[in-house]
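Commentary on secondary and tertiary structure
Letter by letter, the chains look like this.
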Amino acid sequence: MFEVLFYILNKGMKFIESALNRDGEAVFTRAARGLMSLIPTPLVFQVSGLWKPNHVLCRENVVPASEIVAVEETEIDKKQCDSGKWQKMSKLHAFTVHYIKRARNHRWRCSEITFWCIDEQLCNQWIQALKELLDSQKSRPKQLLVYINPYGGKRQGKRIYEQKVAPLFNLASISADVVITEHANHAKDNLFEVNIYKYDGIVCVGGDGMFSEVMHGLIGRIQKDSGIDQNNPKTPLAQCSIRIGIIPAGSTDCICYATVGIIDPETSALHIIVGDCQPLDVSSIHHNNTFLKYSVSLLGYGFYGDILKDSEKKRWMGPMRYDFSGFKTFLSHQYYEGTVSFQPAKGTVGSPRDKESCRTGCHICRQTKQLEEQQKNYGFEHKEVEDEWKVIKGKFLAINAVNMSCACPRSPKGLSPAAHLADGSADLILVRKCSRFNFLRYLVRHTNQDDQFDFPFVDVYRVKRFQFTSKHLEDNESDIKDVGKKRFGQFCSDHPACCCNLANSTWNCDGETLDSSAVEVRVRCQLVKLFARGIEIYKDEAAYNSSSNELLS
Ligand SMILES: CCCCCCCCCCCCC/C=C/[C@@H](O)[C@H](COP(=O)(O)O)NC(=O)CCCCCCCCCCCCCCC
Ligand SMILES: Nc1ncnc2c1ncn2[C@@H]1O[C@H](COP(=O)(O)OP(=O)(O)O)[C@@H](O)[C@H]1O
Ligand SMILES: [Ca+2]
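Since we're looking at a predicted model, the values are computed, not measured.

**Things to note about the site of ligand 1**
Around ligand 1, the structure places 27 residues, and the nearest of them are Asp-208, Gly-209, Thr-252, Tyr-322 and Asn-508. Taking Asp-208, its side chain carries an N or O atom lying 2.9 Å from an oxygen atom of ligand 1. Contacts to ligand 1 include Ser-251, whose backbone N or O atom sits 3.4 Å from an oxygen atom. For ligand 1, whose free accessible area comes to 930 Å², the fraction covered by protein is 86%. Where the shell around ligand 1 is concerned, the elements lending two or more residues are α6 (208-225), α9 (303-312), α10 (321-332) and α12 (436-444). At five residues, α10 tops the list of elements feeding residues into the shell around ligand 1. Across the shell around ligand 1, the residue classes break down as 11 nonpolar, 11 polar and five charged. Taken domain by domain, the shell around ligand 1 gets at least three of its residues from each of domain 2 (139-276) and domain 3 (286-350 + 358-378 + 387-473 + 506-522).

The following block contains the structure:
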């Protein structure tokens, strides 16, 4: 509560006679000559000269104003009044502060503390001051547009929203217009029709596929309103200032996991309420000057594309479908021939082999933004550099381009543990044809602490742009008039067992299939913003417990 106290002092309010906590202990007493003196109780600290406003001492006892969810006047229960210490007092007044409490594994909970006092005017002053304080937090959303996919994941989206999220939004005085989707693309189409500018944010309740749909609607709408043609791959895109919130209710929920650190609807709702902002890189995918899709997490050809394609037929299985299709795809051990060409990311500070990963306030993402702003000032921003394309032809089991780590409960550090949320680049992972046993070793490293790039058949590059063309398509294009060969190509893709192996896979684009086997991909630095802050760093993650939950400042 120190920041609150500090605020009150700043506002020239003289002192607090007695605000009492629920157990009847005096928490705050008089503030003499502008200096607050506190009676030490289990709940409070002695303010020392070291204390600074906005400095978090210990989460249990200090709640920064930015982490107050709501302040409410509290009715005092007659029974409480009549018992114990309160018997002597005639009338009590109280207010309750709802605030964020950190628990294990990046989980946030909404906790509350009620302060009682005998002076009604004082109590009202507190409520008033605290409400003003909350109003002054301009990044907090007031009005949201919510899309719920009732069929995502375990089909719990509606229940999750109603039971866990809506009560918190109400508490924080956020009003929400809720749309329960009736079909795929409902949310996307709707975003082209409604007045999106009256909302402070769009919330999607569902999985990565649902996020992708909302993101396509929002980016598409902003480009339309700005007169930008998405089909031209070279055109700079207009950034979306309206933030997107994700309430996880899907099957993988990797975008939520990689930006918040946990899949927990209440935690995500609290990140929305406090108005967090996490910029996110988005890849745009084109083929032959036609816009195909955007991607923020995994854009995968081969293994992950095949899993997705197979799993779509098994939606009835729920999230388990991925394990089933994963096992089946692993056994099929299909490889794909083609050419990958890419432009390595220049001017980024990090590398995919770094030990350090992207966390709240990431300095690598910050430096990228600064660099981009400098370039803007010099007018270089949209000049495309055509040099330095690297070309790799080969047989691949998987081609994965990730804009973020893709951490999820199945793979807690993700497909590229050092990838950054907002550094304007993607990590391109090429897994060449290898034995089943070696591929399994690679997959197992998705799940443990070992380096998944430390294999001779795995290469990883940090890129800003890349292209892929399957051999099948290359052959067809070069011999477009050779009908015999074309037919042969067709034949081979229909029979993957055929020794010439010209089969095509599909792309897994954030959990949506993309049927083009030739793509041109560009990373758009920080195109969208989420209600998130990246994964927070705790001082001692292993020894973390709810009584010593200190953040690394
Ligand atoms: C041997 C154990 C291997 C475990 C490998 C786990 C890898 C997990 C990597 C997950 C990367 C996730 C990237 C995110 C993708 C999502 O955007 C996207 C859509 O999400 P949504 O449904 O919420 O809308 N999700 C997906 O595409 C699902 C990918 C899930 C892959 C599961 C793979 C299981 C593989 C099992 C192999 C089994 C081999 C066993 C051999 C004896
Ligand atoms: N009402 C609906 N009926 C059918 N499909 C829907 C509906 N609403 C959204 N979708 C689509 O369902 C797909 C998967 O949704 P998602 O929430 O990501 O679940 P999951 O994680 O289980 O795949 C998305 O592509 C989205 O476009
Ligand atoms: Ca990135």
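**Details of the packing of aromatic side chains**
Inspection of every chain in the model, using the stated rule, returns 13 aromatic pairs. Measuring from centroid to centroid gives 6.3 Å for Phe-330 and Phe-439, while their planes differ by 10 degrees, and the two rings are stacked. Of this pair, Phe-330 sits in helix α10 while Phe-439 sits in helix α12; the two residues are 109 residues apart in sequence, bridging distant segments of the chain. You'll find Phe-330 and Phe-439 in the same group, each marked buried. With a centroid separation of 6.4 Å and an interplanar angle of 75 degrees, the aromatic rings of Tyr-442 and Phe-455 are classed as edge-to-face.

**What about the coordination of the calcium ion (ligand 3)?**
Only Asp-281 (OD), Asn-403 (O), His-420 (O), Asp-423 (OD) and Ser-425 (O) from the protein coordinate the calcium ion (ligand 3), and they sit 2.2 to 2.8 Å from it. When the donor residues of the calcium ion (ligand 3) are listed from N- to C-terminus, their spacing reads D-x121-N-x16-H-x2-D-x1-S. Placement of the pair is Asn-403 in the loop between β16 (390-402) and β17 (426-432) and Asp-423 in the loop between β16 and β17, with a sequence separation of 20 residues. Neither Asn-403 nor Asp-423 differs from the other in exposure class; each is buried.

**What about the site of ligand 2?**
Residues in close proximity to ligand 2 total 20 residues, the closest being Gly-153, Thr-181, Glu-213, Ser-251 and Glu-512. Residue His-183 places a main-chain N or O atom 3.3 Å away from a nitrogen atom belonging to ligand 2. Gly-207 is positioned with one of its backbone polar atoms (N or O) 2.8 Å from an oxygen atom of ligand 2. Against a free-state accessible area of 570 Å², the protein chains account for coverage of 87% of ligand 2. With four residues, the single largest contributor to the shell around ligand 2 is α6. Each residue belonging to the shell around ligand 2 can be placed in one class, and the counts come to four nonpolar, 10 polar and six charged. Per-domain counts for the shell around ligand 2 show at least three residues from each of domain 2 (139-276) and domain 3 (286-350 + 358-378 + 387-473 + 506-522).

**Brief notes about the pairing of strand β13 (residues 290-295)**
Relative to β13, strand β12 (residues 278-287) is paired through five bridges, and the arrangement is antiparallel. Its bridge partner being in β13, Ile-285 is matched across the sheet by Lys-293. Hairpin geometry of β12 and β13 is characterised by an intervening segment of two residues between the two adjacent antiparallel strands and by a positive phi of about 50 degrees at Asn-288.

**As for the packing of helix α5 (residues 186-193) against α6**
For any two helices packed against each other, one specifies the inter-axial angle together with the distance between the axes. The interhelical angle for the contact between α5 and α6, taken along N-to-C directions, is 25 degrees, at an axis separation of 8 Å. Considering their axes alone, α5 and α6 lie roughly parallel with respect to each other. In this structure, the crossing between α5 and α6 has a hand that is right-handed. Contacts between α5 and α6 involve His-186, Ala-187, Lys-188, Leu-191, Phe-192 and Glu-193 on the former and, on the latter, Met-210, Glu-213, Val-214, His-216, Gly-217, Leu-218, Gly-220, Arg-221 and Lys-224. When its residues are assigned to classes, the contact of α5 with α6 shows six nonpolar, four polar and five charged.

**Notes on the packing of α9 against α10**
Two numbers describe how α9 lies on α10: the axes approach to 8 Å, and their chain directions differ by 125 degrees. Regarding the angle of α9 to α10, the classification is oblique. The way α9 lies across α10 gives a crossing that is right-handed. Residues Phe-303, Asp-306, Ile-307, Leu-308, Asp-310 and Ser-311 of α9 form the contact with α10, whose participating residues are Arg-321, Tyr-322, Ser-325, Gly-326, Lys-328, Thr-329 and Phe-330. Considering only residue class, the contact of α9 with α10 consists of five nonpolar, four polar and four charged.

**Comments concerning helix α8 (residues 265-273)**
Residues lying three or four places apart along an α-helix face the same way, a consequence of the helix completing one turn every 3.6 residues. Judged by how many residues are buried, α8 sits mostly within the fold: nine of nine residues are covered. For α8, the set of buried residues is Pro-265, Glu-266, Thr-267, Ser-268, Ala-269, Leu-270, His-271, Ile-272 and Ile-273. Just past α8, the residue Gly-275 takes up positive phi, approximately 75 degrees.

**Digging into the pattern of salt bridges**
In the structure shown here, the tally under the stated rule is 23 salt bridges. In this structure, the salt-bridge partner of Lys-314 is Asp-310, at a minimum N-O distance of 2.7 Å. Like Asp-310, Lys-314 is buried. Ionic pairing is found between Glu-536 and Arg-533, a salt bridge with its closest N-O pair at 2.8 Å. A relative accessible area of 6% places Glu-536 in the buried class. A residue is classified by how much of its surface remains accessible, and Arg-533, at 18% relative accessible area, is buried.

**Here we look at the environment of Tyr-335**
Structurally, Tyr-335 is set in the loop between α10 and β15 (336-344). Each C-alpha atom, one on Tyr-335 and one on Gly-394, is 9.8 Å from the other, the two residues being 59 residues apart in sequence.

**Some remarks on the confidence of the model for the protein chain**
Detailed reading of the predicted coordinates is not advisable wherever pLDDT falls low. When pLDDT is averaged along the protein chain, the result is 81, and 76% of the positions lie at 70 or above. Here residues 1-61 is modelled with pLDDT under 50, and outside its nearest four sequence neighbours on either side it reaches 131 contacts, counting other chains as well. Interface confidence in the predicted complex, given as ipTM, is 0.96; pTM for the same model is 0.86.

**Description of unusual backbone geometry**
Its identity as a non-glycine residue notwithstanding, Asp-253 has a phi of 55 degrees, on the positive side. What makes Asp-253 buried here is its relative accessible area of 5%. Phi at His-333 takes a positive value of approximately 50 degrees, unusual for a residue other than glycine.

**Focus: the state of the cysteines**
Evaluation of the coordinates by the stated rule reveals zero disulfides. Its sulfur unpaired, Cys-277 is 12 Å from the next cysteine sulfur, which belongs to Cys-240. Judged by relative accessible area, which is 39%, Cys-277 ranks as partly exposed. The closest cysteine sulfur to the non-disulfide-bonded Cys-406 is located on Cys-254, 4.1 Å from its own sulfur. The exposure class assigned to Cys-406 is buried, which follows from its relative accessible area of 5%.

Basis of the calculations
Residues numbered from 1 in each chain as written. Chains lettered and ligands numbered in written order. Predicted model: local features only at pLDDT ≥ 70, side-chain atom pairs only at ≥ 80, totals over all residues. Heavy atoms only, no water. Near = heavy atom within 4 Å. Polar contact = N/O pair within 3.5 Å; in protein donor to acceptor, adjacent residues only side chain to side chain. Areas by Shrake-Rupley, 256 points an atom, 1.4 Å probe, with all protein chains shown as cover. Helix = DSSP H or I, 4+ residues; strand = E, 2+ residues; numbered from the N terminus. Nonpolar A, V, L, I, M, F, W, Y, C, P; charged D, E, K, R; others polar. Domains from an automatic or database assignment. Phe/Tyr/Trp six-rings, centres within 6.5 Å; stacked < 30°, edge-to-face > 60°. Buried < 20%, exposed > 50% of the residue type's maximum accessible area, 1.4 Å probe, protein only. Donors = N, O, S within 2.8 Å, 3.2 Å for Na, K, Ca; no water. Pairing = 2+ DSSP bridges. Axes fitted to C-alpha atoms, helices over the stretch in contact; angles between N-to-C directions. Parallel < 35°, antiparallel > 145°, perpendicular 65-115°, else oblique. Left-handed = near helix turned anticlockwise from the far one by under 90°. Contact = heavy atoms within 4.5 Å. Salt bridge = Lys/Arg side-chain N within 4 Å of Asp/Glu carboxyl O. pLDDT = per-residue confidence, 0-100. Disulfide = S-S within 2.5 Å.

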